[in-house]
Amino acid sequence: MVQYKAGSRRTGATRRIYQSLLEQIQAGVYGVGDALPSSRLLAEELGVSRTTVTAAFDQLISEGYVWVQQGRKASVASAGRPSQIAPADRSAMATRQLSAYATRAMALPSNSTAGRPPLKFDFRYGDVASADFPKAPWRKAMNTAFLMHRDRLGYDGPAGSRSLREALQGYVWRSRGISCDLDQIIIVNGSQQALDLCARVLVNPGDRVVVEDPCYAMAKNVMLAVGANTIAVPCGAHGMDTTKLPEAGDIAVAYVTPSHQFPLGGVLPAAHRQALMGWAASANAYVIEDDYDSEYRYDVGPIPPLYLSGQGRVIYVGTVSKTLSPTLRLGYIVLPHPLVDAFIDCKRIADRHTSTFEQEALAALIETGAYERHVRRMRRLNAERRAVFLASMTRAFADDIEIVGTTAGLHVVVWFGTICSREEERFAETARNHDIGIYPVTRLFSSPFDERAGYIFGYASMSVDQLAKGVEKLHRAYLDLGSKTAHPRVPGATTGSFR
């Protein structure tokens with residue numbers, strides 16, 4: 001065992017290095033079998049002699065935490081006992097440091113399944129199939145971005161790459177009929193950052209914000225986190241019921257998904273769009289239009305965005321998460337002119353700018369036409385997936401279900417006429433025990449909507465064979481649940497159809 005001599009500067013450095021490595025081993029930063037940094041590298045990083053680091057390693061080796069083998073880096077042999085820091089002390093320290101924003105954010109329900117063990121048949125909405133990603137075109141576009149001549153590597157402007165904004169300016173006109181100036185477009189890290197910027201720019205603690213009911217949870221949460229008072233307006237088969245909007249007054253913003261209401265799938269009719277915009281004008285409020293999956297329409301023609309009739313009050317939010325991948329974190333906002341400077345300044349403070357290389361790659365995809373060819377291919381593939389899923393569900397469950405929101409997007413909502421809403425979580429857990437992921441819809445409601453259990457089914461992440469087998473296995477889970485609980489039909493349930 002290494003003997004430390006009091007007063008020795010090198011010995012003090014050795015002990016600090018030893019203690020730091022030990023705490024990291026015990027905390028699991030380095031797991032059993034993991035290689036530790038080389039003594040040479042650590043010495044260079046810490047600005048000490050290699051002898052000082054080697055002495056710390058020798059101490060860890062002698063205590064059985066680390067072992068060495070000729071020609072290899074030192075590795076963790078045992079995690080030992082974790083270092084003890086009083087939990088009460090940690091809690092008190094964290095509580096004193098938390099802001100009101102953090103406290104509100106931590107109190108919000110997450111409903112996230114990230115980090116859970118993967119399921120064989122997962123109907124989670126928002127996922128897309130890995131096999132669908134255009135690997136070769138994207139690799140080519142990324143290589144082009146990396147090899148592009150640059151005099152220096154530095155921070156980009158917060159609004160985003162000019163080439164991508166120019167490409168998107170043409171794309172939103174071709175695909176959505178939106179005509180805008182280049183400076184109205186800001187590139188963001190996915191639609192979630194767009195919503196966060198909207199909240200930071202337009203909402204103060206205590207402000208009233210209109211949201212849909214049911215509502216995309218992460219949109220509602222971003223408003224609650226900044227201290228807004230949300231007013232939930234009910235949605236049905238035709239989207240938001242604009243007759244239930246609050247009286248025009250002190251309203252900051254309204255969040256809507258007019259082209260494909262999330263999650264129920266309704267399309268806001270023209271008369272309701274006019275009513276919404278008239279209300280926004282009288283309330284002096286901006287409207288956030290989340291156009292999250294407009295590329296996927298099957299049984300109906302394209303729905304014009306609310307932005308076109310927005311009278312300069314609509315903030316249009318787009319994303320490539322459903323067409324390329326949610327892992328890319330690329331989205332964009334089309335802003336009314338008066339908001340541009342404020343959004344740019346807040347974006348600069350938030351993260352300087354979105355990753356430039358990915359922006360340049362997406363710009364190249366759009367400019368060459370590869371992106372729109374990919375979108376058309378995805379539309380065909382997902383139309384096929386949708387058809388197989390609907391046919392499989394109807395065949396398996398017949399009159400026990402009603403499926404809504406089938407004409408567009410990458411998900412549907414399925415209502416089960418023989419399972420009451422109180423059993424919703426239980427059926428989801430039963431399905432999980434069968435290696436199937438299904439996700440209750442009532443989590444997204446502010447107030448009770450239906451006595452039946454309902455679930456959001458995403459179908460874009462599986463092959464048609466997986467979808468058919470997943471539905472078959474889900475039916476077995478359904479029968480398993482029924483064998484344990486009597487399931488009379490929920491009164492008033494309309495079943496045996498999809499729309």
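Refer to the structure presented above.
I will try to describe carefully the structure that is included in this document. (Residues numbered from 1 in each chain as written. Predicted model: local features only at pLDDT ≥ 70, side-chain atom pairs only at ≥ 80, totals over all residues. Heavy atoms only, no water.)

1. Overview of the overall build of the protein chain
Phase 1: Each helix and strand counted, the protein chain has 15 helices and 17 strands in total.
Phase 2: Each principal axis of the C-alpha atoms in the protein chain carries an extent, and together these give about 85 × 65 × 50 Å.
Phase 3: When burial is assessed residue by residue, the protein chain has 49% of its 499 residues classed as buried.
Phase 4: If you take every contact in the protein chain between residues at least 6 apart in sequence, the share linking residues at least 24 apart comes to 75%.
Phase 5: Surface exposure of the protein chain reaches about 23,900 Å², of which carbon and sulfur atoms provide 52%. (Helix = DSSP H or I, 4+ residues; strand = E, 2+ residues; numbered from the N terminus. Buried < 20%, exposed > 50% of the residue type's maximum accessible area, 1.4 Å probe, protein only. Contact = heavy atoms within 4.5 Å. Areas by Shrake-Rupley, 256 points an atom, 1.4 Å probe, with all protein chains shown as cover.)

2. Re the state of the cysteines
Phase 1: Evaluated as defined, the whole model comprises zero disulfides.
Phase 2: Not engaged in a disulfide, the cysteine C198 finds its nearest cysteine sulfur in C346; these two sulfurs lie 11 Å apart.
Phase 3: C198 gets classed as buried once you look at its relative accessible area, which sits at 0%. (Disulfide = S-S within 2.5 Å.)

3. Some thoughts on a positive patch on the surface
Phase 1: Taken together, the side chains of R373, R376, R377, R379 and R380 make up a positively charged region of the molecular surface.
Phase 2: Looking at where R373 falls in the secondary structure, it is placed in helix α13 (residues 370-397).
Phase 3: Note on R373: relative accessible area 46%, which makes it partly exposed. (Patch = residues over 30% accessible without salt bridge, like charges linked within 9 Å, V, L, I, M, F, W, Y side chains within 5 Å. Salt bridge = Lys/Arg side-chain N within 4 Å of Asp/Glu carboxyl O. Lys, Arg positive; Asp, Glu negative; His and termini not counted. Charge placed at Lys NZ, Arg CZ, Asp CG, Glu CD.)

4. Brief notes about helix α14 (residues 424-433)
Phase 1: Every buried residue belonging to α14 is among E424, F427, A428, T430 and A431, and all of these are buried. Looking straight down α14, one finds its buried side chains confined to an arc of 160°; they lie on one side.
Phase 2: At the C-terminal side of α14, D435 shows a positive phi close to 70°. (Arc of directions from axis to C-beta.)

5. Regarding the pairing of strand β16 (residues 452-458)
Phase 1: Most of β16 is tucked away: seven of the seven residues are buried.
Phase 2: Every second residue of β16 is oriented toward a common face, with R452, G454, I456 and G458 on one face and A453, Y455 and F457 on the other, all of them buried.
Phase 3: Direction of pairing for strand β13 (residues 411-420) relative to β16: antiparallel, over a ladder of seven bridges. Bridging across to β16, F416 finds its partner in A453.
Phase 4: Direction of pairing for strand β15 (residues 439-440) relative to β16: antiparallel, over a ladder of two bridges. Counterpart to Y439 in the pairing with β16 is I456. (Pairing = 2+ DSSP bridges.)

Fair warning: the whole summary comes from geometry, so function is off the table for now.
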